[in-house]
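Spelled out from the first residue to the last, the chains are:
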Amino acid sequence: MLSKKYQIPHFSRKNFIIPWITLFLLLIFVPTALTIPNGGYSRPELLIQPEELKVLIDRKDPDIRIIDVREKIKYLAGHIPGAVNIWRPDITDKDHPLPGMMAPQAQIEELMGRLGISHRNTLIIYSDGPDGARLWWILAYYGFPIHQMKLLDGALEGWKARGYPTEMIPPQISPAQFRLPGKTKTTEPLLCTLPEVRGALRDPKKIVLDVRASKEYLGEETLTGAVRPGRIPGVKWIEWKEVLIKEGPYKGYWKSAEEIRKLFADLGVTPDKEIYIY
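All of these numbers come straight from a predicted model, not from anything done at the bench. (Residues numbered from 1 in each chain as written. Predicted model: local features only at pLDDT ≥ 70, side-chain atom pairs only at ≥ 80, totals over all residues. Heavy atoms only, no water.)

Q: Help me understand the nonpolar core in this model?
A: One broad rule of soluble globular proteins: the nonpolar side chains tend to lie buried together. Judged by nonpolar contacts, the single largest core of 48 residues is most densely connected at Ile-67, Ile-108, Met-112, Leu-123, Leu-139 and Leu-209. The element that contributes the greatest number of residues to this core is helix α5 (residues 131–141), accounting for seven residues. For Leu-123, the contacting residues outside a window of four places in its chain are Arg-65, Ile-67, Met-112, Ile-117, Leu-139, Phe-144, Gln-148, Met-149 and Lys-150. The next biggest cluster of nonpolar side chains, apart from the first, holds 14 residues, and it includes Ile-48, Tyr-75, Ala-83 and Tyr-126. (Core = buried A, V, L, I, M, F, W, Y, C linked by side-chain atoms within 4.5 Å. Buried < 20%, exposed > 50% of the residue type's maximum accessible area, 1.4 Å probe, protein only. Helix = DSSP H or I, 4+ residues; strand = E, 2+ residues; numbered from the N terminus. Contact = heavy atoms within 4.5 Å.)

Written out as structure tokens, the structure reads:
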């Protein structure tokens, strides 16, 4: 389901990539089952609710591994019981001359194995921003089965809002073997080249979508690792946070498929287009 004929988003590797939006598109473009909060997503199994994760933890499910994708200091201040920590530098290419590039397959395999994660485990991923989805995207690109990855809806704040416990001490880890199948023709559309992005800007059937914060888009703020301020000329823009609920008991959860679909449709981002995201 990741081939071009399904119009799954491409990504420009020349820029800092925020792959969170590709999960939105996977979730919304075919209306089917409902999930909390009544999402109407086409792929609700890509998410796990805090209540569902609590059940798995309480019964000590041996097949799950929980991954906290935040800065180490935040992880040590409190994380979901049993979670291991990964942060952005761990999943970037340490040898590439440009900052923020996707880590090579061998680096990801070594990292995951060192954290006690096997390629047979089901991964529960959460973060306090788009970095959890970045890990999801990298693993998917290298062929890790999508049905073995779930994003925690509501993230850590959703977990804590339900009154569930956190801990400060990292779990004891036994190294494991983690092997990725490698990229295939099915997963290659998850990443694109700079020439493909240039071509997309001239093609009315394709959209280049900037999902960074407003100040980054306007060139008023340059984050660490960015080469220079500003945006690619001619792109559409929506901040990734716009697809999350802003207030109430489900703050930080995904909005419904209907709401998200309308947000994108207003930008011209529709299922008949190919989407290139950065």
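This is not the end of the story, as more comes after the structure.
Q: Looking at this structure, how should I read α5?
A: Because each turn of an α-helix spans 3.6 residues, side chains separated by three or four positions end up pointing in the same direction. Taken across its eleven residues, α5 has eleven buried, putting it largely inside the fold. Taken residue by residue, α5 has Asp-131, Gly-132, Ala-133, Arg-134, Leu-135, Trp-136, Trp-137, Ile-138, Leu-139, Ala-140 and Tyr-141 as its buried positions. The positive-phi residue at the C-terminal boundary of α5 is Gly-143, with phi of around 95°.

Q: Please explain the pairing of strand β3 (residues 64–69) as it appears in this structure.
A: Residues in a regular strand project their side chains so that they alternate between the two faces of the sheet. Counting buried residues in β3 gives five out of six residues, a clear majority hidden from the surface. Pairing of β3 with strand β5 (residues 122–127) involves six bridges; the strand directions are parallel. The partner of Ile-66 across the bridge, within β5, is Ile-124. Assessed by its sense of winding, the connection that carries the chain from β3 through helix α3 (residues 72–77) to strand β4 (residues 84–86) is right-handed. (Pairing = 2+ DSSP bridges. Right-handed = clockwise from strand over helix to strand, strands pointing away.)

Q: In this structure, what is going on with the pairing of strand β9 (residues 274–277)? I would like to understand it.
A: Both faces of β9 are covered, namely the face carrying Glu-274 and Tyr-276 and the face carrying Ile-275 and Ile-277. Pairing between strand β7 (residues 206–210) and β9: four bridges, direction parallel. In the strand pairing of β9, Lys-206 is matched with Glu-274.

Q: Honestly, unusual backbone geometry in this entry has me stumped. Any pointers?
A: Most peptide bonds take the trans configuration, and most residues that are not glycine carry a negative phi. Positive phi outside glycine occurs at Lys-60, with the angle close to 55°. As for its placement among the helices and strands, Lys-60 is situated in the loop between α2 (50–58) and β3. Of note in the backbone geometry, Ala-155 takes a positive phi value of approximately 55° without being a glycine. Among the secondary structure elements, Ala-155 is positioned in helix α6 (residues 155–161). A residue is classified by how much of its surface remains accessible, and Ala-155, at 17% relative accessible area, is buried.

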